[in-house]
Structures are given as structure tokens and as C-alpha cells.
Amino acid sequence: MPSRRDLLRCAVVGVAVTTALGAGALAWSSTLLGEYSVMEMGESAGGGGAHSGAGHGGHEASGASGASEQGAAEASGAVGGTGAVSVTDLTADPDRPADMRVELVARQGTVDVPGGRSVEGYTVNGTSPGPEIRARQGDLVEVTFVNESVSAGATLHWHGIDVPNAADGVAGITQDAVPVGGRHVYRFEATDVGTYWYHSHQVSHEQVLRGLLGAIVIEPATAPPDAADIDVTALLHVYGGQHTLNGAVADEHVDASPGATVRVRVINTDQGTAAVWSATPFRVVAIDGHEVNEPPDVDGRRVLIPAGGRADVSVQAPTDGDAVRLRVGGARSVVIGEPWASAPPDPRQPSTTLDLLAYGTPMPLSFDASDPDRSYDYVIARRFGIIDGRPGNFWTINGRMFPDVPMFGVTEGDVVVMHLRNDSGDVHPMHLHGHHVIVLSRDGVTASGSPWVVDSLDVHPGESYDIAFVADNPGIWSDHCHTLPHAVDGLVAHVMYDGVTTPFTINGDAGNQPE
């Protein structure tokens, strides 16, 4: 009887099917063959982006240009064996009492959209977006998640927060989906100040789209001297074609006295890129939760925020008592000024985009990315194939189709460089769980501004990026496109630490479907 790996390899069609389907073929959403574990992935033959280098200073380039079967086995096989650690053991200090406790209850049903029409979807504590969580840096946060009525099960993923792996909330990798009537406790330390969000990572392409999400902000333990006078959140989401700001089809007015500074935390929870702009100069003070070093004014340019990404913008209320309009996401605005000030007209969207590669003032990195321990290719493309008996036009990573995609093996402490390249015709907002990455270069141009630290990065067609991170958070971590239908159709790989295993499976009796 053929092995599962043989079945997977036989699932990919050749030139004959490509010709028959033609360029207009649609991608099918069913891309898997039965129950599987991520532990079985990454065993690619010749060029799957597997383990490159061994120990400090390993520079063997892998990926599309030629990893060996032996290297692939190292990437996937090194995680098992004697002394292996389960993802369930990678937790916050179990003996430490929580500083902040929250209960979040997920329900399936009608979502009220103020200013618009109600839609069928999901709520958290009765609303969508769910309640905003505000913690202080250093707090031990404990969230009890209750699934009251989400029929497919649900989880919570803490997007952008480098939580312990057991708290990552990815069904089938770090936990089982929480069934109706079940509950799950997430514990993590609020280490990094910044703007983040939470959302389900079970059937995420549906549950996120339909509202199972909310904002989370980690504030400094002590307010810095340059803190804004006013701090507001601007969460963007589309419900049934309705563009909302903080859940309402309406602009928001922020009451601010003349000259006051307002920090607007823009969170893009949608599937496409969001634009932010104003006729009045503003500053981008943080990207994906990390402060920009000495940000200058942005004037006559727009800021683009990838799907899943965030940008904190500092705006000063006019000193003459008028108001300023900050466009967020194109359809909605935040109007800042005195309560009686009339809102200025909508400013035209600039055609020039702020280049974050050169924005702000440089400063040294905390690690040396010029001599990485691991170096990987992550090349995105597309091709025709048959998976689960269905033909389609599926995403590939380093030439291979999910689930026979690379497993990027690392050892704790490694400096890792990834070479991202988009050979497809779509924009891909790439999101690595559990880590923030530094953008080193784009299309061969070295970063020259403030360190550009991201967890969600738009890679446009034909673009290439060099990014780097330190493997300082053990676990098994998804590394996927946050245009979630793309992840459903195969654009997801994983970073796996040596010695880490998972007991969870996907498509089994627990019903785990992370994408």
C-alpha cells in the first residue's frame, strides 16, 4: 500500500493538467489529504528549503537552489527522539499569579453593526470587535476563552505578541480547537509595549472575516515623557462589504484641545492592504508594536499597512481650534479637534507611499545578521495541481505544494536570515508567529532608516526581501500569508525548533482546521 508521502507526491499533476485547466482555473480550498501532523511536513526532495548549516556560522543556502534529502531529514527529524519537549510544556511561569484576568466568550450568530446592517458572524462578549484588552508591560495576562456557540470550534491567537508556544492558539499545532461548551486558558507575559490584536486561528479565513477578533494594547509600565496626550484605537474591519471603524460604519471624533498630541493605533484586521493619510503632517511612531527611532513628519505621503499589520500614528490637534482628519483604511476617518470644530473635507489620497525602509534614524541592531546560523529561501509561486482529488491553481513554497512544503529548522539562539521572494502575481502579507523580524533589505537595497521591525510584511509581485530574526522563543510556529484564503490554499510553512514536538493533529477527530 502506498505511503502517505507517496500519495501526497502523486497528488501534483504535470503539464497535461496545466494545459487542460488553463490560466483561469480556480484554487480549491480543500488542500489536505486526511488527518496529518505538522511533524510529518518538510520532508522535501531536493530544494524544499530545509535545514541549512549546522551550528553557528552555517551558510549553506537552501531552498529552491538545492537542499538535500539529508538536510530535509535534519529539519523535520531533529525535533523528535529522546528529550523532546512538547509544545504544551512551553508556557509562562505556572507558579506566577496573574496580574490581569479576562474572560472572553465567543458566540456564533448575529453581529450588530452600528450605522449599517447586521450580519451573520461571530462576537466576543457580545460584540465585534470584542473588548479591547489593555495590559501594562510586565503583567502576567491570563485569558479564559469560552466557546459558547461557535459550531466549528474556535481558538484565540495573539497576533504580534511573542507569547509562549502553548499560548499561540493555532488549532492542530499548539492546542485543539475549543468545542462548544469548552474553555481554554491562555497565559503570557506582556513583554513588548505596543499595539496588537487577537483573533481565532481555527477556520480562520471564515472566523476572522466574520468578526471573531479584538484589539490588545500593551502600555508602558511607566508613561514616557513624550507620551501622547490622548491614546485611541482605530480597528479596521469589513463586515459584509461594510467598512467599519471600531465596529461602526461611521467616522470617529476625538475631542482634543488645541495643540494636543493624539496617538492613533491603526489595526488592519482585513484581508488587503490599508492606507492611512492626512492633509496635515503626522508621524508614524510605531510599526507592528515596535517604536520607530526619531520619526520625522510624513507630509504628502500615505502609509500602507499590510493585512494583520498595525501602525501607530501621532497627530497634533490644530492650534487654532480647528480639526484635522486622518483617513484610515480609505473609507473611514478619525477627526481630531475641539468638539465643536467642523470636520475638514476628505483629503485626496497621495500617490506616493512612505518607504519604511528609509524612514526614521538608524540605530544598531541587537544581533549580527551578517553572519547567520541559518539561511533559508522562502520563494512564493503558484502552479496547477490536484490535491485531495481536486484540480486547482495552488500556492507553492520553494516549488513545493502544501503540505509537502519546507519545515524551517532552527536551534534556540540561532540568528536566522530568510530570503523572501514573490514570484506570483498577488501581494502576500507574510506573518511569522512568535517572533518579530528585522527587514534588512528590499530588492537588494539595504535598509537605511530606523530598524524596521515587523510581524506582518507585504511582499509585492516581483519583490524580494531579506529579513532576520533571533530564534529566542522555542516552539513550532506558523509562517504564513495573512490574506487568509491564501493560507487555506497552501501558503503556510512553519519554523520548528530542534527538540520540540506536538501531540495535536489537523483534520482529525478534534476537528482542527487552523486556516
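Rules of the game
Residues numbered from 1 in each chain as written. Predicted model: local features only at pLDDT ≥ 70, side-chain atom pairs only at ≥ 80, totals over all residues. Heavy atoms only, no water. Core = buried A, V, L, I, M, F, W, Y, C linked by side-chain atoms within 4.5 Å. Buried < 20%, exposed > 50% of the residue type's maximum accessible area, 1.4 Å probe, protein only. Helix = DSSP H or I, 4+ residues; strand = E, 2+ residues; numbered from the N terminus. Contact = heavy atoms within 4.5 Å. Phe/Tyr/Trp six-rings, centres within 6.5 Å; stacked < 30°, edge-to-face > 60°. Lys NZ or Arg CZ within 6 Å of the ring centre and 35° of its normal. Polar contact = N/O pair within 3.5 Å; in protein donor to acceptor, adjacent residues only side chain to side chain. pLDDT = per-residue confidence, 0-100. Pairing = 2+ DSSP bridges. Axes fitted to C-alpha atoms, helices over the stretch in contact; angles between N-to-C directions.

Novice: Can you tell me about the nonpolar core, naming the residues and giving the values?
Specialist: In this structure, Val 264, Ile 336, Tyr 378, Trp 452, Leu 457 and Val 495 are the most contacted members of the largest nonpolar core, which totals 77 residues. Broken down by element, the residue count for this core peaks at five residues, all from strand β33 (residues 492–497). Other than its neighbours up to four places away in sequence, Leu 457 contacts Pro 306, Leu 420, His 428, Pro 429, Met 430, Val 439, Trp 452, Tyr 465 and Ile 467. Judged by nonpolar contacts, the second largest core, of 27 residues, contains Tyr 122, Val 124, Val 141 and Ile 218.

Novice: Lay out the packing of aromatic side chains with the relevant residues and their values.
Specialist: Scanning the model with the defined rule gives seven aromatic pairs in all. Measuring from centroid to centroid gives 5.8 Å for Trp 158 and Tyr 186, while their planes differ by 75 degrees, and the two rings are edge-to-face. Of the two residues, Trp 158 sits in strand β6 (residues 157–159) while Tyr 186 sits in strand β7 (residues 183–189), which places them 28 residues apart along the sequence. Each of the two residues, Trp 158 as well as Tyr 186, counts as buried. Consider the rings of Trp 158 and Tyr 198, whose centres lie 5.6 Å apart with planes at 50 degrees: the pair is tilted. In this pair, Trp 158 sits in strand β6 while Tyr 198 sits in strand β8 (residues 194–199), placing the two residues 40 residues apart along the sequence. In this structure an aromatic cluster arises from ring pairing among Trp 158, Tyr 186, Phe 188 and Tyr 198. Its guanidinium or amino end placed over the ring of Trp 395, Arg 382 lies 4.0 Å from that ring's centre, counting from NZ or CZ.

Novice: Summarise the side chain of Asp 312; cite the residues concerned and give the values.
Specialist: As for its placement among the helices and strands, Asp 312 is situated in strand β18 (residues 310–316). When its relative accessible area of 1% is taken as the criterion, Asp 312 is described as buried. Separated by 3.0 Å, the side chains of Asp 312 and Arg 263 make a polar contact. Dropping the residues within four chain positions of it, Asp 312 is found in contact with Thr 195, Arg 263, Val 264, Arg 265, Arg 283, Val 284, Val 285 and Ala 286.

Novice: Could you give me a rundown of the confidence of the model for the protein, with the residues and numbers involved?
Specialist: The predicted coordinates should not be examined in detail at positions where pLDDT is low. Averaged over every residue, the pLDDT of the protein is 87; the share at 70 or more is 85%. The model gives residues 1–32 a pLDDT under 50, and that stretch makes 61 contacts with residues more than four places away or in other chains. Segment residues 44–82: pLDDT under 50, and 93 contacts once partners within four positions in sequence are set aside and those in other chains are kept.

Novice: Tell me what's going on with the sheet that holds strand β4 (residues 133–136), and back it up with residues and numbers.
Specialist: What the four strands build is an open sheet, ordered β4-β9-β8-β6; its pairing is mixed. The open sheet terminates on both sides in strands that have one partner only, identified here as β4 and β6. Strand-to-strand twist in this sheet, taken as the mean axis angle between neighbours without regard to direction, amounts to 25 degrees. With four bridges connecting them, β4 and strand β9 (residues 213–219) associate as parallel partners. If you follow Ile 133 over to β9, its bridge partner there is Ile 216.

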